Amino acid sequence: MKAAITIVVATYHRPAALRNAIRSARAQTMPDWRMIVIGDCCSDETESVVREFDDARIRFANLPERFGEQAGPNSVGMALADTDYLAFLNQDDLWLPHHLDHALGAMAKADLYWARAAFFDNRGPRADAAIFTEAHPKERSLEEACNSPRWYIEPMSGWVMRTALAQEIGPMGLSSKLATVPIDDYVLRLWQAAPRFTSGSEIALLKEKMNMRKIGGKDVDPHYAIAPLYAESWLDKMEAGSTDLLLEEIEEDIWLAAHLGLSRTWARADGTGGLSRTRFYEKTGIDTVDASLLAAGSSDEPGFVISQSLRNRTGETLASQPPLEQAINAARTQLRVR
């Protein structure tokens, strides 16, 4: 029997974080899902994490070449989904147990749903502790998403959409072809398509924004080398049915962070010539975000974003990205054989 929703998980060499993400999916009050974990050319350790759950709903496909970002694996997952609905779960994010229930309830009158996320950061130099600093506004819109800071959009872990809409929009653009980041480009394309959109008012997602590259002026290990120890107590509460206690802690942290000046704002970004990004696009067909980055010079040419991101996350560099269709075919073959 076909499941109601496909969960796409993009992952690369962060097995402890992946294990936590899968635990949060398995704690969902809505169990009628299937999951495709897409490895971005991972080692055997990643597949071992998937297999240890021994859950027939969870399947793993490992891409033969590295994309170096989630846009490639996410697009592969979109192409492989055969359910009516599609959800995304980044390897280092966590769902609260009610996420899928709330999302599918909202999808009765929508094509696209965004869950409300609480964002957490490292607490000073401690890699094993975190503080929640802000949460999404209770009401969001696609137009505002195009004209606001990127954290208004992020993460894709909060996105649930009709698979037909994903097929209509097409795959995400790759950083090697864009000046901006893929999620920013994809949201503008969503806005152009004008789907029925709704967003959740209750916190249903925990989004990591850990920034540990420098502590006390000293370089530290790449981000993916940091064990997500902070998540264990949260998952224990979810699995024990004590999510309300976790939500109370989150609200207290956000209140404190606001008073300490740690919270980011949701203010609309400046437009061009007094026009917002969306209004300027309607009049000219030009995306001001992409154009301004290209005009800034060589540091923001296509491919720069992924290079900088990879250095911070994994310490590696990547010269090119593989053809998307090739990756889709490779993943489809693996899933057919297993």
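Since this is a predicted model, take the numbers as computed values, not measurements.

1. Considerations on the overall build of the protein chain
Along the backbone of the protein chain there are 13 helices and eleven strands. The 338 residues of the protein chain split such that 54% are buried. Sequence separation of 24 or more characterises 78% of the internal contacts of the protein chain that already satisfy a separation of 6 or more. Accessible surface computed for the protein chain: about 14,700 Å², of which carbon and sulfur atoms make up 50%.

2. Thoughts on unusual backbone geometry
Cis geometry marks the peptide bond from Glu 154 to Pro 155; its omega dihedral reads -5°. Inspection of the secondary structure puts Pro 155 in the loop between α5 (142–146) and β8 (159–162). Although it is not a glycine, Asp 54 adopts a positive phi angle of roughly 50°. Take Asp 54: it is sitting in the loop between α2 (44–52) and β3 (58–62). Given the relative accessible area of 73%, Asp 54 is considered exposed.

3. A closer look at helix α3 (residues 71–80)
Most of α3 sits inside the fold, with nine of its ten residues counted as buried. Turning to α3, its buried residues number three or more, namely Ala 71, Gly 72, Pro 73, Asn 74, Ser 75, Val 76, Gly 77, Met 78 and Leu 80.

4. Section: the nonpolar core
Counting 71 residues, the largest nonpolar core has Ile 7, Met 35, Val 76, Trp 159, Met 161, Tyr 186 and Leu 190 as the members making the most contacts within it. Those residues in contact with Ile 7 that sit more than four places away from it in its chain are Ala 25, Trp 33, Arg 34, Met 35, Ile 36, Ala 87, Leu 89, Trp 95 and Leu 100.

5. A closer look at the packing of aromatic side chains
By the definition in use, this model includes nine aromatic pairs. Measuring from centroid to centroid gives 4.9 Å for Trp 114 and Phe 197, while their planes differ by 85°, and the two rings are edge-to-face. Remark: Phe 197 occurs in strand β9 (residues 197–208) and Trp 114 occurs in strand β6 (residues 112–123); sequence separation between them is 83 residues. Each ring, one from Phe 120 and one from Trp 234, has its centre 4.8 Å from the other, and the planes form 75°; the classification is edge-to-face. Here Phe 120, found in strand β6, pairs with Trp 234, found in helix α8 (residues 232–239); they are 114 residues apart in sequence, far enough to count as distant.

6. Description of the pairing of β3
Among the five residues in β3, four count as buried, and that is most of the element. Of the strand pairs in this sheet, strand β2 (residues 33–39) and β3 are connected by five bridges, and their pairing is parallel. Paired with Val 37 across the bridge in β3 is Phe 60. Between β2 and its parallel partner β3, the chain crosses via α2, and the hand of that crossover is right-handed.

7. A look at the environment of Leu 256
Along the chain, the position of Leu 256 falls in helix α9 (residues 243–259). On the basis of relative accessible area, Leu 256 is assigned to the partly exposed category, the value being 34%. Measuring from C-alpha to C-alpha, the distance between Leu 256 and Ile 131 comes to 9.2 Å, with 125 residues separating the pair along the chain.

8. As for helix α4 (residues 99–106)
The complete set of buried residues in α4 reads His 99, Leu 100 and Ala 103. With its buried residues spanning 85° around the axis, α4 presents them on a single face.

9. Let's talk about the pattern of salt bridges
Enumeration according to the criterion identifies 19 salt bridges in this entry. With its nearest N and O atoms 3.1 Å apart, the salt bridge here joins Arg 14 to Glu 208. Of this pair, Arg 14 sits in the loop between β1 (5–11) and α1 (15–26) while Glu 208 sits in strand β9, placing them 194 residues apart in sequence. With relative accessibility at 2%, the residue Arg 14 sits in the buried group. As a salt-bridge pair, Arg 57 and Asp 55 come within 2.8 Å of each other at their nearest N and O atoms. According to the relative accessible area criterion, Asp 55 is buried, its value standing at 13%. Bridged by salt links that share partners, the residues Arg 23, Glu 232, Asp 236 and Glu 239 form one connected network.

10. Comments concerning the packing of α8 against α9
To describe two helices that pack against each other, one gives the angle between their axes and the distance between the axes. With their axes 7 Å apart at the nearest point, α8 and α9 run at an angle of 140° to one another. What the angle tells us is that α8 and α9 run oblique. In contact with Trp 234, Lys 237 and Met 238 of α8, α9 contributes Thr 243, Leu 245, Leu 246 and Glu 249. Tallied by class, the residues present in the contact of α8 with α9 amount to four nonpolar, one polar and two charged.

So, how was this worked out
Numbering of residues begins from 1 in every chain and follows the order in which that chain's sequence is written. Per-residue local features are limited, in this predicted model, to residues with pLDDT of at least 70; the limit for side-chain atom pairs, both in listing and counting, is 80 or more; totals at the level of whole chains, interfaces and linings are taken over all residues. Hydrogens are left out, water is left out, and the side-chain values use all remaining heavy atoms of the structure. By the criteria applied, helices consist of DSSP H or I runs no shorter than four residues and strands consist of E runs no shorter than two, each listed in order from the N terminus. Only protein chains enter the calculation, and the probe is 1.4 Å; a residue is then buried if its accessible area is under 20% of its type maximum, exposed if over 50%, and partly exposed in between. The contact rule is simple, with two residues in contact once any of their heavy atoms fall within 4.5 Å. Accessible surface area values rest on a Shrake-Rupley calculation with a 1.4 Å probe, where residue burial reflects the displayed protein chains alone. As used here, the term nonpolar core means buried Ala, Val, Leu, Ile, Met, Phe, Trp, Tyr and Cys residues forming a set that is joined through side-chain atoms within 4.5 Å. Within 6.5 Å between ring centres, the rings of Phe, Tyr and Trp (the latter by its six-membered ring) count as paired, and their orientation is classed by plane angle as stacked under 30 degrees, edge-to-face over 60, tilted in between. For two strands to count as paired, DSSP must find a minimum of two bridges between them. Here, the term right-handed applies to a crossover whose path from the first strand over the helix to the second runs clockwise when the strands point away from the viewer. This arc is taken over the directions from the axis of the helix to the C-beta atoms. Salt-bridge detection follows one rule: a side-chain nitrogen of Lys or Arg within 4 Å of a carboxyl oxygen of Asp or Glu. Angles run from 0 to 180 degrees between N-to-C directions of axes, and those axes are lines fitted to C-alpha atoms, restricted for helices to the stretch in contact. Throughout this description, any angle smaller than 35 degrees is read as roughly parallel, any larger than 145 degrees as roughly antiparallel, any in the 65 to 115 degree range as roughly perpendicular, and the remainder as oblique. Basically, the charged four are Asp, Glu, Lys and Arg, the nonpolar ten are Ala, Val, Leu, Ile, Met, Phe, Trp, Tyr, Cys and Pro, and anything else, Gly included, counts as polar.

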